[in-house]
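# Summary of the model geometry
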Amino acid sequence: MTDFKTLGLAETVLRAVTAEGYDTPTPIQAKAIPPVLEGRDVVGIAQTGTGKTAAFVLPLLSRLAALGGTAKPKGTRILVLTPTRELAAQIHDAVRVYGKNVRPRSTVVVGGAKPGPQIRACAAGLDILVATPGRLLDHVGSGAIKLTDTAVVVLDEADQMLDLGFMPAVRRILAMTPKTRQTVLFSATMPTQIRALAEDFLADPVEIAVAPASTPIERIKQSVIKVPRAEKRDALAEILSDAAVQRAIVF
């Protein structure tokens, strides 16, 4: 059986994974980590709950040493694009947890937050920047962030970015980065526009699919509650107030 020790991760990253109580990777992690470590472009079809965040965070933390040097002022060596600030915060938490022995310089750039602290956090240069497309373009336009030396770009939840109308912004951002960059794209589905994006910006990518895009993964139980539109908020509040609900994500 595959375990994290056989995937080629850096010892500093492995120690952090072990400290979190993990020893066996999920299918998406087992399939994605080796090609990401090798510097290959990757297209992964993976749904929420499959462990895909660690599938790119772990190998990229391991690759930081291989990339060599440090980021230039206002630059970032690794850029992770995500559709929402909530997901950006989750990814950054994973960077801090699994990178505690690597100690990368990282921050989050998202809308709905004051730009000043974000600009100051980027001023000296970053190892990893997690951002939403709109706010990132704002900072690039003002000169606060530069993408000319970015070595790796990750597009997480690409289909959500499409649904939210971010594709033009994503294309602009990718066009600003070096053509020699490594690009990793994860999406729960692969509609035509996402496929076209991959064809335009990825070079000979490794394609990985861990579950049919239309099928919920086994670890998620689904149910439907039908309520009048006006009562949706009250119904949600009642569900979340149940003591059995210890953690929840509301989309």
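The sections below set out a description of the structure shown in this document.

## What to know about the side chain of Asp156
Looking at the secondary structure, you find Asp156 in the loop between β5 (152-155) and α7 (158-163). With a relative accessible area of 0%, Asp156 lands in the buried category. Once you skip the residues sitting within four places of it in the chain, Asp156 turns out to touch Lys52, Phe56, Leu81, Thr82, Pro83, Leu87, Ile91, Met161 and Phe186.

## Details of the nonpolar core
One recurring pattern in soluble globular proteins: nonpolar side chains tend to sit buried together. Counting residues in hydrophobic clusters, the biggest one holds 37 residues, and the most contacted among them are Phe4, Phe56, Val57, Leu58, Val80, Tyr98 and Ile128. Elements with a minimum of two residues in this core: α1 (11-19), α2 (27-37), α3 (52-67), β2 (76-81), α4 (85-98), β4 (126-131), β5 and β6 (182-187). For this core, the element with the most residues is α3, which contributes 8 residues. Counting residues in each nonpolar core, the second largest holds 31 residues, with Val109, Val140, Met161 and Val170 among its members.

## Quick word on unusual backbone geometry
Of note in the backbone geometry, Lys74 takes a positive phi value of approximately 70° without being a glycine. Tracing the chain through its elements places Lys74 in the loop between α3 and β2. Of note in this structure, Glu157 is not a glycine but carries a positive phi near 55°. Locating Glu157 in the fold gives a position in the loop between β5 and α7.

## Here's the deal with the side chain of Thr150
The residue Thr150 is located in the loop between α6 (133-142) and β5 in this model. Residue classification places Thr150 among the buried residues on the basis of a relative accessible area of 1%. Polar side-chain contacts of Thr150 include one of 3.0 Å to the backbone oxygen of Thr76. Not counting residues up to four positions away in its chain, the partners in contact with Thr150 are Thr76, Arg77, Leu79, Thr177, Pro178 and Arg181.

So, how was this worked out
- Residues numbered from 1 in each chain as written.
- Predicted model: local features only at pLDDT ≥ 70, side-chain atom pairs only at ≥ 80, totals over all residues.
- Heavy atoms only, no water.
- Helix = DSSP H or I, 4+ residues; strand = E, 2+ residues; numbered from the N terminus.
- Buried < 20%, exposed > 50% of the residue type's maximum accessible area, 1.4 Å probe, protein only.
- Contact = heavy atoms within 4.5 Å.
- Core = buried A, V, L, I, M, F, W, Y, C linked by side-chain atoms within 4.5 Å.
- Polar contact = N/O pair within 3.5 Å; in protein donor to acceptor, adjacent residues only side chain to side chain.

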